[in-house]
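Take a look at the letters that make up each chain.
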Amino acid sequence: MILQRNDVIQLIEQRLSGQISAQALASWAFDRFYAIEEGVEVIAPEDEDVLGAVLDDLMFADEESFALDDTDLRRFIARLQQL
């Protein structure tokens, strides 16, 4: 499976709309990060840096010291939408 920017944007939007919790988003990001590390999922070479960085931040977002607010999440979406 190829992880795409839009996949991450969709999950962030679900978090912003209250459809999923911060813990669910962090868990999803954690699962994707390690699936990529294990070669189960891949990222297009041109997206590796941005997706890797965003997943890294999201997978700890359920911890109080790393909590992300709506502004942070919208910044991630903007960053992912840049080509």
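Note that the coordinates shown come from a computational prediction; the quantities given were computed from them, not determined experimentally. (Residues numbered from 1 in each chain as written. Predicted model: local features only at pLDDT ≥ 70, side-chain atom pairs only at ≥ 80, totals over all residues. Heavy atoms only, no water.)

A. Structural detail: the environment of Val42. Within the fold, Val42 resides in strand β2 (residues 42–43). For Val42, a relative accessible area of 41% puts it in the partly exposed group. Remark: the alpha-carbon pair of Val42 and Leu3, spanning 39 residues in sequence, is separated by 6.0 Å. Other than its neighbours up to four places away in sequence, Val42 contacts Met1, Ile2 and Leu3. (Helix = DSSP H or I, 4+ residues; strand = E, 2+ residues; numbered from the N terminus. Buried < 20%, exposed > 50% of the residue type's maximum accessible area, 1.4 Å probe, protein only. Contact = heavy atoms within 4.5 Å.)

B. Main features of the pattern of salt bridges. The final tally for this structure, using the stated rule, is 3 salt bridges. Across the salt bridge formed by Asp47 and Arg5, the nearest N and O atoms sit 2.7 Å from each other. Of this pair, Asp47 sits in the loop between β2 and α3 (48–58) while Arg5 sits in helix α1 (residues 5–16), and the two are 42 residues apart along the sequence. As far as burial versus exposure is concerned, Asp47 and Arg5 are alike and both buried. Residue Arg75 pairs with Asp72 through a salt bridge whose shortest N-O separation is 3.2 Å. With Arg75 and Asp72 both in helix α4 (residues 70–81) and 3 residues apart, the pair spans about one turn of that helix. For Arg75, a relative accessible area of 53% puts it in the exposed group. (Salt bridge = Lys/Arg side-chain N within 4 Å of Asp/Glu carboxyl O.)

C. Geometry of α4. For α4, with 12 residues, the first-to-last C-alpha span of 17 Å sits near the 16 Å given by 1.5 Å per residue. Buried within α4 are the following residues: Leu73, Phe76, Ile77 and Leu80. Down the axis of α4, the sector holding all buried residues measures 100°, keeping them to one side. Between the side-chain oxygen at the start of α4 and the backbone nitrogen of Thr71 there is a gap of 3.1 Å, and the oxygen is on Asp69. (Expected span 1.5 Å × (residues − 1). Arc of directions from axis to C-beta. Polar contact = N/O pair within 3.5 Å; in protein donor to acceptor, adjacent residues only side chain to side chain.)

D. Broad picture of the environment of Val54. Tracing the backbone shows Val54 in helix α3. The exposure class of Val54 is buried, given its relative accessible area of 0%. For Val54 and Asp31, which are 23 residues apart along the polypeptide, the C-alpha to C-alpha distance reads 13 Å. Apart from residues lying up to four places away in sequence, Val54 is in contact with Val8, Ile12, Phe76, Arg79 and Leu80.

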